[in-house]
Amino acid sequence: MNDNAPETEVYVRLAHADDDEFILSLARRFAEFELPPWRKRTETLAGIERDIEHHLRVLPPASHLFVAEDEDATPLGFLHLQTRKDFFTGALNCHISDLVVAAEHEGRGVAAAMLRFADEWAKEHRCRFLTLGVFPNNERARRLYEHHGFGVEILSMVKPVR
C-alpha cells in the first residue's frame, strides 16, 4: 500500500482489447479481505473472473469498461459501469460493477479519480443514481465510498442452506 504516496494525475479511457490481460490480472484484488464465512475465496474469485471475462468478450450494450492510467499511459486501475433500470422507479441508474486499483498504485487518488469519472459519466447519461455493491468486511473500500457520498440503501442478507 502506498498511503503516503503523492496523488497521481489520472486519465480514464475506454478499455480496448490490449487491456484484457491487465484487467484480468486485477481480479484477485476483489477478495483481498475477509470474506463472509460462507464464501470460499477460490469460488468467489472464479465467479468474478468469469463475469469480467464475459464482459470483455461479449461487451453487452449496457456494459462499459474503462481503464485508468497515468500521464505515461501506465495502467493503474479498472472501472466497469453498467446502466440498469431502477427497481422502484424505472429510472436509469449507473451501477459500478467493478472498481479496482493495482496494488502498487493504491493510496495515490486513483480510486477517487475513477469515482469522479463514474459520477460525471452517470450525469452525462442522465442516470438518477450511482450504485455499487461492496462486501461488509471490505472496510477500506467502504470508507472510500462513504467519503464520496455513498450510503447504504438495501442490505443483502444471506443464510447458507444446509
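Look a little higher up for the structure.
Residues numbered from 1 in each chain as written. Predicted model: local features only at pLDDT ≥ 70, side-chain atom pairs only at ≥ 80, totals over all residues. Heavy atoms only, no water.

Student: Could you clarify how one ought to interpret the overall build of the protein in this entry?
Tutor: Secondary structure summary: the protein contains four helices and five strands in total. Its helices and strands in sequence order give the protein the pattern β-α-α-β-β-β-α-β-α, from N to C terminus. Computed over its C-alpha atoms, the radius of gyration of the protein comes to 16 Å, within 12% of the 15 Å expected for a compact globule of 162 residues. By the burial criterion, 39% of the 162 residues in the protein qualify as buried. (Helix = DSSP H or I, 4+ residues; strand = E, 2+ residues; numbered from the N terminus. Rg over C-alpha atoms; globule rule 2.2 N^0.38 Å. Buried < 20%, exposed > 50% of the residue type's maximum accessible area, 1.4 Å probe, protein only.)

Student: How should the packing of aromatic side chains be read in this particular structure?
Tutor: Centre distance and the angle of the planes are the two values used to describe a pair of aromatic rings. Here the structure, examined in full by the defined rule, presents five aromatic pairs. Summarising the aromatic geometry, the rings of Y145 and F150 are spaced 5.9 Å apart at their centres and angled 65° between planes, so their arrangement reads as edge-to-face. Overall, the relative accessible area of 17% leaves F150 in the buried class. Taken together, F66, F117 and W121 form an aromatic cluster joined through their ring pairs. (Phe/Tyr/Trp six-rings, centres within 6.5 Å; stacked < 30°, edge-to-face > 60°.)

Student: Help me out: how do you make sense of the nonpolar core in this one?
Tutor: One broad rule of soluble globular proteins: the nonpolar side chains tend to lie buried together. By size, the foremost hydrophobic cluster in this structure holds 23 residues, and its most contacted members are L79, L81, I96 and L99. Contributing elements (two or more residues each) for this core: β2 (63–69), β3 (75–85), β4 (92–101), α3 (110–124) and α4 (139–147). Looking at this core, the element that brings in the most residues is α3, giving eight residues. Discounting residues that sit within four places of it in the chain, L99 has contacts with F30, F78, L79, A111, M114, L115 and Y145. With 13 residues, the next largest nonpolar core counts I23, I48, V67 and A102 among its residues. (Core = buried A, V, L, I, M, F, W, Y, C linked by side-chain atoms within 4.5 Å. Contact = heavy atoms within 4.5 Å.)

Student: It is not clear to me how the environment of E69 should be interpreted in this structure. Could you clarify?
Tutor: Mapped onto the secondary structure, E69 falls in strand β2. For the pair formed by E69 and E53, sequence separation is 16 residues and the distance between their alpha carbons is 21 Å. Discounting chain neighbours no more than four positions away, the residues touching E69 are E9, V10, Y11, R13, T74, P75 and L76. A polar contact of 3.0 Å, which involves the side chain of E69, links it to the side chain of R13. (Polar contact = N/O pair within 3.5 Å; in protein donor to acceptor, adjacent residues only side chain to side chain.)

Student: It is not clear to me how the sheet that holds strand β1 (residues 11–14) should be interpreted in this structure. Could you clarify?
Tutor: Backbone hydrogen bonds hold the strands of a sheet together, and the pairing may be parallel or antiparallel. Ordered by their spatial adjacency, five strands build an open sheet running β1-β2-β3-β4-β5, and the pairing between neighbours is mixed. Here the strands that pair on one side only, and so sit at the sheet edges, are β1 and β5 (130–132). Direction aside, the axes of adjacent strands within the sheet are offset by 30° on average. By the bridge criterion, nine bridges tie β3 to β4 in an arrangement that is antiparallel. Residue pairing for β4: R84 is matched across the bridge by N93. (Pairing = 2+ DSSP bridges. Axes fitted to C-alpha atoms, helices over the stretch in contact; angles between N-to-C directions.)

Student: Would you mind going over the side chain of Q82 with me for this structure?
Tutor: Topologically, Q82 is positioned in strand β3. We classify Q82 as buried; its relative accessible area is 11%. Polar side-chain contacts of Q82 include one of 3.5 Å to the side chain of H55. Within the local environment of Q82, its side chain forms a polar contact with the side chain of R84, the two groups lying 3.1 Å apart. With residues near it in sequence (within four places) discarded, Q82 still touches H55, A62, S63, N93, C94, H95 and S97.

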